[in-house]
Amino acid sequence: MAINLVMFVVLFLYYFVILPQLRPLLTHTFQRSPSTTGNLLDSIQSRYSCCGINHIDDYANLSIPKYPSSCCRIPNCWDNSNNETMPLVYTKGCYSIIEKYVQIEIWTFVVLTGVCAFLQIFAIIFMCILNERYKKRDENPNFTINQMVSGAAMNASSEDNFQNSTKTLEEPVEITQI
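Residues numbered from 1 in each chain as written. Predicted model: local features only at pLDDT ≥ 70, side-chain atom pairs only at ≥ 80, totals over all residues. Heavy atoms only, no water.

A. Representation of the confidence of the model for the protein. Across the protein, the average pLDDT comes to 77, with 71% of residues at or above 70. Per-residue pLDDT, averaged within each element of the protein, yields its smallest value for strand β1 (residues 142–149) (48) and its largest for helix α5 (residues 95–138) (89). Segment residues 144–154 is flagged for pLDDT under 50; beyond a separation of four residues in sequence, or across chains, it makes 27 contacts in the model. (pLDDT = per-residue confidence, 0-100. Helix = DSSP H or I, 4+ residues; strand = E, 2+ residues; numbered from the N terminus. Contact = heavy atoms within 4.5 Å.)

Written as structure tokens, this is what we have:
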């Protein structure tokens, strides 16, 4: 249960503190190490038809020689020497896609953590109900043992004594728990 509370606090902080700072953090990281961050962005840019974090101009402010090919609508659009290159390039940034993906992940964890917390609370309530039910049975430890008795002594080899016995003896017996 404590892990669920910690998870809720972490998700709350991540959603309201870290997520609003994600754009500046990504932009700062992209400017500090463009080749590493650019390689990571290439798969996102190719898959989701976007370029850069905020806009295609993110690459213009860097010290890399050309835009990545993942920003092109067609392969090798940067090799085109005339001015027709810009219509062949994705201009919107990838931040909205990254933000949406992070929010989906956060809400998935929130739902899973909530379901786990609900199941744990349900299990605790169920255990309390069972405890109360069995506690009521344990309050009166006396119970009756019905014993078949005959006039003759019973032994294991004598089945006739058991079948012919007609008296029932009821005695309260106290059982103590160990």
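B. Here's a closer look at the state of the cysteines. Per the counting criterion, the structure on display carries two disulfides. Here C50 connects covalently by a disulfide to C94, the sulfurs 1.9 Å from one another. On the S-S bond that ties C50 to C94, the torsion sits near 100°, and the link is right-handed. Taken together, the positions of C50 in the loop between α3 (34–48) and α4 (57–60) and C94 in the loop between α4 and α5 put the pair 44 residues apart, joining distant regions of the chain. Owing to a relative accessible area of 0%, C50 belongs among the buried residues under this scheme. (Disulfide = S-S within 2.5 Å. Buried < 20%, exposed > 50% of the residue type's maximum accessible area, 1.4 Å probe, protein only.)

C. Inspection of the side chain of S70 at higher detail. Along the chain, S70 turns up in the loop between α4 and α5. A polar side-chain atom of S70 sits 2.5 Å from a polar atom in the side chain of Q45. Among residues more than four places away in sequence, those in contact with S70 are D42, Q45, S46, C50 and Y90. (Polar contact = N/O pair within 3.5 Å; in protein donor to acceptor, adjacent residues only side chain to side chain.)

D. Spatial organisation of the packing of aromatic side chains. All told, the structure shown has five aromatic pairs when counted by the stated rule. Here Y15 and F16 contribute two aromatic rings whose centre-to-centre distance is 4.9 Å and whose plane-to-plane angle is 85°, an arrangement assigned as edge-to-face. Ring geometry for F30 against Y59: centres 5.1 Å apart, planes inclined by 90°, an arrangement best described as edge-to-face. Separated by 29 residues along the polypeptide, F30 in helix α2 (residues 22–32) and Y59 in helix α4 bring together distant segments of the chain. Given a relative accessible area of 1%, F30 falls into the buried group. By relative accessible area, Y59 is classed as buried at 4%. (Phe/Tyr/Trp six-rings, centres within 6.5 Å; stacked < 30°, edge-to-face > 60°.)

E. Representation of the packing of α2 against α3 in the model. Axis separation between α2 and α3 bottoms out at 5 Å; the angle between their running directions is 120°. With respect to their mutual orientation, α2 and α3 come out oblique. Every residue of α3 that contacts α2 at T29, F30, Q31 and R32 is listed here: P34, T37, G38 and L41. Residues of the contact of α2 with α3, tallied by class, amount to three nonpolar, four polar and one charged. (Axes fitted to C-alpha atoms, helices over the stretch in contact; angles between N-to-C directions. Parallel < 35°, antiparallel > 145°, perpendicular 65-115°, else oblique. Nonpolar A, V, L, I, M, F, W, Y, C, P; charged D, E, K, R; others polar.)

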